[in-house]
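What the coordinates show
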Amino acid sequence: MSAVSAEAVTPGAVRSGSDSRPRSGGDGAAPLAPRAKLLPALAAVYRAQLSRARVARIPLLFVATFQSVGIMIMMRGVVDGGDEARAVVAGSSVLVVAFVALNLLAQYFGQLRASGGLDHYATLPVPPAAVVLGAAAAYASFTVPGTAVTAVVGSALFGLPMAHLWVLAAVVPLSGAALAGLGAALGLLAPRQELATLCGQLGMSAALLLGVLPAAHMPAPIAYARDLLPSTYGVEALARSFDARPDWAVVAADLGVCAAVGVVSLAVATWAYRRAAVR
Amino acid sequence: MKEAAAAATVCTVRGLVKTYPAARGRRGAPGTDAVRASDGIDLEVRRGEIFGLLGPNGAGKSTLVRQLTGLLRPDEGSVELLGHDLVRHPERAARLVGYLGQESTALDELTVALAAETTGRLRGLSLRAARAERDAVLDELGLAPIAGRPLKKLSGGQRRLACFAAALVGDRPVLVLDEPTAGMDPVARRAVWAAVDRRRAEHGTTVLLVTHNVIEAETVLDRVAVLERGRIIACDTPAGLKELVGDEVRVELVWRAEAPLHVPEVAALRDAAQAAGRRWTLRLAPAEARAAVAAVTGGPAFAALDDFTLTTPSLEDVYLALGGRAEGAEGLVKA
């Protein structure tokens, strides 16, 4: 899913190519075992993280989905169709992504760092980008079922057309990359585990309030804050797809913002990982 | 001769210093002073040996190990591992060392099999090689029956063994094991030492072991460095270290209630004894020890005596004789 950002981050992460050959002999130094390559390592981390879902994540995925469906049912009494309904459905769907990719990933990395779990990865010859991207990709993948269910239920609830819901196939990975990158960076940069959790929760609350509530009624400063939040662009892209004839150029521009934020935030997260792993 | 010894040296540490900065107190909790966790450490580990770091909690064992595995940058000094300068190139440690840390949080939610396989993949093995090594190691350690269970659901000792399995996947010339057998039952311990011995015999693997278990240290280590407040206060074979305390004998007396201090022989021992509740520990020359035992088992003191033991010195005694600070060596585990 974060293939775009993966390629964007790679060159920085494995630049020390001169170091990657097994070396031996000349100066009497022992040969070094090979380094793990980016993509296989990323795949291994992704697979391991995905397997954690069975043990630890499924209840939380239900919570994320029920929360979003509940919000839509609540808003059903206040909002009657039109632009506002689109905003509510799109906001609730992307909220699932924010809950898992931003909030839970921030908590995961915060906890891993606080407990010394990063040592495990830091003592393996694995590119930092593989660890960060593998975990981010797995967390973004966790959001797929919940986001799809929320979007379909919401469309049915508010009588919105489902013809263009396929756009979720781009919205989930791209807003997932942006929010997971943000979550990973927060989790790895927060000086204490509690702060990582707090930042994750606040980020999710912001995504909830600024994403679900219709933008038209917001005071100016809050509208600016809304523009700063990367999930907003995922919400906008999804909301526009409910038009009878969506303006695909604007949708693509919104998704482009998500992708750009994703690249930057995952790069920052990778840097933060390096910093956290070796002290 | 000297050159041959140098060639057989796997790890050379010189003048290693690491200071943790003072922490500011916050809201009631007092701050802590700066701690010199490594205070000028010199060390040489030879090829194929099991080298131990022994010391109580807080002596600086883990700090030293973290510097040897590239996890922590020393303030001063040099670390050379198999010809590589790890202070300048800490990232090379991951390609030379299999490390078992004290924490398993990164693996806790994986199954035993996936933990081993993923770790192998991240050590650069191909999928096929990682799976083959995973199966071999799980069989070797007797973990195959629980291969499908998540680490989180295992007992402490089993979880530790699963982490040890992950550390072994993907051969490394050096293994750094931080208290590998903590919480393990005897069967698991034997599996660990058998696996270590096999790698040593077949590949000449060098093992650096952190422990605060003196019994284990005496039985498995070739050489041991005793750490105390960031310094190495002695480094030799376990037998060599025990010679330091000469032929002293340890006498332990356990009284039924109060020690019978009205008996002159017992009162005379009082000053030499370390008392912990009803238990007295004495380190005496053999003749003195015989006299003391005769006194407490023969006369009126015997009625007050619950139990006594007479043992040859252990590494714990060495630690105390060297001036170890921990009273009664509470940081060192005997069993």
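Rules and cut-offs
- Residues numbered from 1 in each chain as written.
- Chains lettered and ligands numbered in written order.
- Predicted model: local features only at pLDDT ≥ 70, side-chain atom pairs only at ≥ 80, totals over all residues.
- Helix = DSSP H or I, 4+ residues; strand = E, 2+ residues; numbered from the N terminus.
- Contact = placed C-beta atoms within 7 Å.
- Domains from an automatic or database assignment.
- Buried ≥ 20, exposed ≤ 12 C-beta atoms within 10 Å, placed from the backbone.
- Pairing = 2+ DSSP bridges.
- pLDDT = per-residue confidence, 0-100.
- Axes fitted to C-alpha atoms, helices over the stretch in contact; angles between N-to-C directions.

Below, the discussion takes up the overall build of chain B. Helix and strand counts for chain B come out as 11 helices and 14 strands. By its C-alpha atoms, chain B is 75 × 60 × 45 Å across when sized along the principal axes. Long-range contacts, defined as pairs at least 24 residues apart, comprise 70% of the intrachain contacts of chain B with a sequence gap of at least 6.

Attention shifts here to the domain arrangement of chain B. When the domains of chain B are assigned, the result is domain 1 (2–19 + 35–242) and domain 2 (247–312). Inter-centroid distance (C-alpha atoms) of domain 1 of chain B to domain 2 of chain B is 41 Å.

A separate point is the pairing of strand β11 (residues 249–255) of chain B. Residues and elements named next belong to chain B. In β11, alternate side chains face the same way, and those of V249, V251, L253 and W255 are buried while those of R250, E252 and V254 on the opposite face are not. Relative to strand β13 (residues 279–284), β11 is paired through 6 bridges, and the arrangement is antiparallel. The residue of β13 that forms the bridge with R250 is R283. Pairing of β11 with strand β14 (residues 305–311) involves 6 bridges; the strand directions are antiparallel. Bridging from a neighbouring strand, V251 pairs with L310 of β14.

Let us now look at the confidence of the model for chain B. Residues and elements named next belong to chain B. The predicted model of chain B averages 86 in pLDDT, with 93% of residues at 70 or higher. Confidence drops under pLDDT 50 across residues 327–331; counting only partners more than four residues distant or on other chains, this segment forms 11 contacts. Prediction confidence for the complex, expressed as pTM and ipTM, is 0.81 and 0.80 respectively.

Residue and element names in this part refer to chain B. Pairing within the open sheet is antiparallel, and its 4 strands lie in the order β2-β1-β4-β5. The two strands at the open ends of the sheet, each matched to only one other strand, are β2 (35–46) and β5 (84–85). Where strand β4 (residues 76–81) meets β5, 2 bridges bridge the pair, whose relative direction is antiparallel. Across the sheet, the residue bridging to E80 is D85, located in β5. Contacts from helix α2 (residues 61–68) reach β1 (9–20), β2 and β4, with the element oriented near 60° to β2.

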